Amino acid sequence: MTSRYRVEYALKTHRRDQFIEWIKGLLAVPFVLYSQPTGIFEANGFNVTQMSEEAHRRYAEIMRDIEVMIDDNINHQSDAIRVPSKLKLLVPTIGTFFTRLPLEAAFKFQDRKRYISSRRFVSPSFNDVRLILNTAQLMAVTTHGTLQLATFDGDVTLYDDGESLEPNSPVIPRMIDLMRKNVKIGIVTAAGYTTADRYYARLHGLLDMIATTTALTPQQRQNIVIMGGEANYLFEFNPTSPHLLSSVPRERWLTAEMNTWSEAGIEALLDVAEAALRDCIKSLNLPATLMRKDRAVGIIPIDPNLRIPRESLEETVLVVQKTLELSVGGRDFDNKVVPFCAFNGGRDVFVDIGDKSWGVSVCQKWFGGGGGSSNGNNIGQDNNICSIKPEQTLHVGDQFLSAGSNDFKARSVSTTAWIASPAETVELLDELAGFMGKKLS
Ligand code: IMP
Ligand code: MG
């Protein structure tokens, strides 16, 4: 029984996105029924256009049906209806939708780019569905609403894993364009550094461009913050500081809830995590060393050229996560476990205090009226401050599996887009600019 549970867990829960898999399954049916793989050797009388039009029509109908199911689920999300929606019954792990998703239109948009309906051997894939969902989300936050805040993960989203945002990165002009359109930007990264120079080293291409470009007014240059260590270090843009960033003291941005995380609770949680990580290094014989910081603890390879096997990284995350959930150490003033995020960074494993849901919500409050050098308010002490709403916020990241991924946590406070590389982020931002332009015209 136990091992069966473990196998199921390994196969399904943390390695798959159940909503995407479910949509893939629905699209597989018309693919099987209407694609014509034999057409390649039956040249006579076979009409490729007809086949792809029929597949397109069927796929679009399915996407429209799912769209309607999501609308129904959104109605059920309101407190008034306590019974689960049909979608919730079919996909139990489904989360909260902050906007409706125009899936039929998004499918048609992606089909024009990716020729999904013209394929005869390869059925609609995980990536096809992921990109359709991203497009639908972009359409929703632009044409149906007004995007006010875009938050970005760092590694794999803005630059390759472990690299930096260099001046020639194509993502930079697109981010500047958003700031010029008065969309606020938060870089919400797990990379946790206490000083501005370290963030400047990772983000210098963007920061230098913000400082020198004539496209932005002085006020628009303040449309960016860096939230580091998931939700632990906040920096604002400062043109006169040597690294173009100023650290914002915690008392100016910690929310009332974050203020309940006691220093003793944080230390105790990191102690438990450290012990669990040390156990994993030993039991899995990992070529790794421990790194303890003031708000995080992790393991990194002994030698940067060494790679810890993916399975070992995943095992470590799951062991540490379970150990922390069950531990009696690491409690806050209300005796709740201090929020934490254990994740597989691709080459390393880290446990951070807080997670990106807190990081993104601080950005929402900061730009919603609670912070910014212009008004100097204190987020934690003012219960009446406005906050940018989840449906006006888009978080872009690469880690959206339910366990061992850090961007996943942002889903509870904002809409999200799931990208797989910095090149995809560039494409996504071009799509976004296109939809924003359409709305203006
Ligand atoms: P992200 O993709 O921008 O969220 O960055 C994740 C990566 O940042 C991790 O995989 C680590 O390599 C690196 N990192 C550096 N310092 C920290 C830390 O304090 N906590 C978590 N990750 C860190
Ligand atoms: Mg990342």
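For the structure itself, look to the data block above.
Okay, so let's go over this structure. Treat the numbers as computed from the prediction; the structure is a model and nothing was measured.

Section: the overall build of the protein chain
For step 1, the next point in the chain: Tallying secondary structure elements over the protein chain gives 12 helices and 11 strands in all.
For step 2, the next point in the chain: Taken against the 2.2 N^0.38 rule, which gives 22 Å for 441 residues, the C-alpha radius of gyration of the protein chain at 23 Å falls within 12% of a compact globule.
For step 3, the next point in the chain: Across the 441 residues in the protein chain, those meeting the buried criterion constitute 51%.
For step 4, the next point in the chain: Partitioning the contacts of the protein chain with sequence separation of at least 6, the portion at a separation of at least 24 is 69%.
For step 5, the next point in the chain: When the accessible surface of the protein chain is summed, it comes to about 20300 Å², and 54% of that surface belongs to carbon and sulfur atoms.
For step 6, the next point in the chain: In the protein chain, the 47 positive side-chain charges and the 52 negative ones have mean positions that sit 3 Å from each other.

Description of the coordination of the magnesium ion (ligand 2)
For a metal with four tetrahedral donors the ideal donor-metal-donor angle is 109.5 degrees, while six octahedral donors give ideal angles of 90 or 180 degrees.
For step 1, the next point in the chain: Distances from the magnesium ion (ligand 2) to its protein donors, Asp-153 (OD), Asp-155 (O) and Asp-398 (OD), fall within 2.2 to 2.3 Å.
For step 2, the next point in the chain: Mapped onto the sequence, the residues coordinating the magnesium ion (ligand 2) show the spacing D-x1-D-x242-D. You'll find Asp-153 and Asp-155 in the same group, each marked buried.

Quick notes on the site of ligand 1
For step 1, the next point in the chain: Asp-153, Thr-189, Lys-293, Asp-348 and Asp-352 are the nearest of the 16 residues found near ligand 1.
For step 2, the next point in the chain: A distance of 2.7 Å separates a nitrogen atom of ligand 1 from a polar atom in the side chain of Lys-293.
For step 3, the next point in the chain: The side chain of Lys-356 places a nitrogen or oxygen atom 3.0 Å from an oxygen atom of ligand 1.
For step 4, the next point in the chain: Protein contacts shield 91% of the accessible area of ligand 1, which totals 500 Å² for the unbound molecule.

What about helix H6 (residues 126-144)?
For step 1, the next point in the chain: Here H6 contains 19 residues, and its C-alpha end-to-end distance of 26 Å stays within 8% of the 27 Å for a straight helix at 1.5 Å per residue.
For step 2, the next point in the chain: By the criterion of burial, H6 is predominantly enclosed, with 15 of the 19 residues buried.

Side note on the sheet that holds strand S10 (residues 393-397)
For step 1, the next point in the chain: Pairing is mixed across the open sheet formed by seven strands, whose spatial order is S5-S4-S3-S2-S1-S10-S11. If you trace the sheet from one side to the other, it starts and ends with strand S5 (245-248) and strand S11 (415-418), each paired once. Across the sheet, the mean angle separating the axes of adjacent strands is 25° when strand polarity is ignored.
For step 2, the next point in the chain: Taken together, the four bridges between S10 and S11 define a ladder with parallel strand orientation. Looking at the pairing, His-395 lines up with Thr-416 of S11.

Looking at the environment of Ala-433
For step 1, the next point in the chain: Secondary-structure assignment places Ala-433 in helix H12 (residues 422-440).
For step 2, the next point in the chain: By relative accessible area, which is 26% here, Ala-433 ends up partly exposed.
For step 3, the next point in the chain: Put simply, Ala-433 and Asp-153 are 280 residues apart on the chain and 19 Å apart in space, counted from C-alpha to C-alpha.
For step 4, the next point in the chain: Residues within four places of Ala-433 in sequence aside, it is in contact with Asp-177 and Lys-181.

Here we look at the packing of helix H2 (residues 18-34) against H6
For step 1, the next point in the chain: It is at 9 Å that the axes of H2 and H6 come closest, and there the two elements cross at 110°. Taken together, the axes of H2 and H6 lie roughly perpendicular to each other. Seen along the crossing, H2 lies across H6 with a hand that is right-handed. On the side of H2, the interface is formed by Phe-19, Ile-20, Glu-21, Ile-23, Lys-24 and Leu-27, while H6 contributes Phe-126, Val-129, Arg-130 and Leu-133.

A short note on the packing of aromatic side chains
For step 1, the next point in the chain: Tallying each qualifying case throughout the model produces nine aromatic pairs.
For step 2, the next point in the chain: Measuring from centroid to centroid gives 5.1 Å for Tyr-199 and Phe-235, while their planes differ by 50°, and the two rings are tilted. Of this pair, Tyr-199 sits in helix H8 (residues 196-212) while Phe-235 sits in strand S4 (residues 233-237), placing them 36 residues apart in sequence.
For step 3, the next point in the chain: The buried category is assigned to Tyr-199, whose relative accessible area is 1%.
For step 4, the next point in the chain: Overall, the relative accessible area of 1% leaves Phe-235 in the buried class.
For step 5, the next point in the chain: On the basis of an interplanar angle of 85° and a centroid distance of 5.0 Å, the ring pair of Trp-261 and Trp-358 is categorised as edge-to-face. With a gap of 97 residues between them, Trp-261 in the loop between S5 and helix H9 (263-283) and Trp-358 in helix H11 (residues 356-370) connect regions that are remote in the sequence. Both residues of the pair, Trp-261 and Trp-358, belong to the buried class.

Notes on unusual backbone geometry
For step 1, the next point in the chain: Positive phi, close to 65°, is recorded for Asn-182, a residue that is not glycine.
For step 2, the next point in the chain: Here the phi dihedral of Leu-244 falls at roughly 60°; this positive angle occurs in a residue that is not glycine.

Here's the deal with the sheet that holds strand S8 (residues 340-344)
For step 1, the next point in the chain: Taken in spatial order, the four strands line up as S6-S7-S9-S8 in an open sheet, and their pairing is antiparallel. A strand with exactly one partner marks an edge of an open sheet, and here the two such strands are strand S6 (288-292) and S8. Ignoring strand direction, the axes of neighbouring strands in this sheet form an average angle of 15°.
For step 2, the next point in the chain: Alignment of strand S7 (residues 296-301) against strand S9 (residues 349-353), held across four bridges, turns out to be antiparallel. Paired with Gly-298 across the two strands is Phe-350, which belongs to S9.
For step 3, the next point in the chain: Packed onto the sheet, H9 meets S6, S7, S8 and S9 and runs at close to 175° relative to S6.
For step 4, the next point in the chain: Here helix H10 (residues 310-326) sits on the sheet and contacts S7, S8 and S9; the angle it forms with S8, its principal contact strand, is near 165°.

The rules behind the values
Residues numbered from 1 in each chain as written. Chains lettered and ligands numbered in written order. Predicted model: local features only at pLDDT ≥ 70, side-chain atom pairs only at ≥ 80, totals over all residues. Heavy atoms only, no water. Helix = DSSP H or I, 4+ residues; strand = E, 2+ residues; numbered from the N terminus. Rg over C-alpha atoms; globule rule 2.2 N^0.38 Å. Buried < 20%, exposed > 50% of the residue type's maximum accessible area, 1.4 Å probe, protein only. Contact = heavy atoms within 4.5 Å. Areas by Shrake-Rupley, 256 points an atom, 1.4 Å probe, with all protein chains shown as cover. Lys, Arg positive; Asp, Glu negative; His and termini not counted. Charge placed at Lys NZ, Arg CZ, Asp CG, Glu CD. Donors = N, O, S within 2.8 Å, 3.2 Å for Na, K, Ca; no water. Near = heavy atom within 4 Å. Polar contact = N/O pair within 3.5 Å; in protein donor to acceptor, adjacent residues only side chain to side chain. Expected span 1.5 Å × (residues − 1). Pairing = 2+ DSSP bridges. Axes fitted to C-alpha atoms, helices over the stretch in contact; angles between N-to-C directions. Parallel < 35°, antiparallel > 145°, perpendicular 65-115°, else oblique. Left-handed = near helix turned anticlockwise from the far one by under 90°. Phe/Tyr/Trp six-rings, centres within 6.5 Å; stacked < 30°, edge-to-face > 60°.

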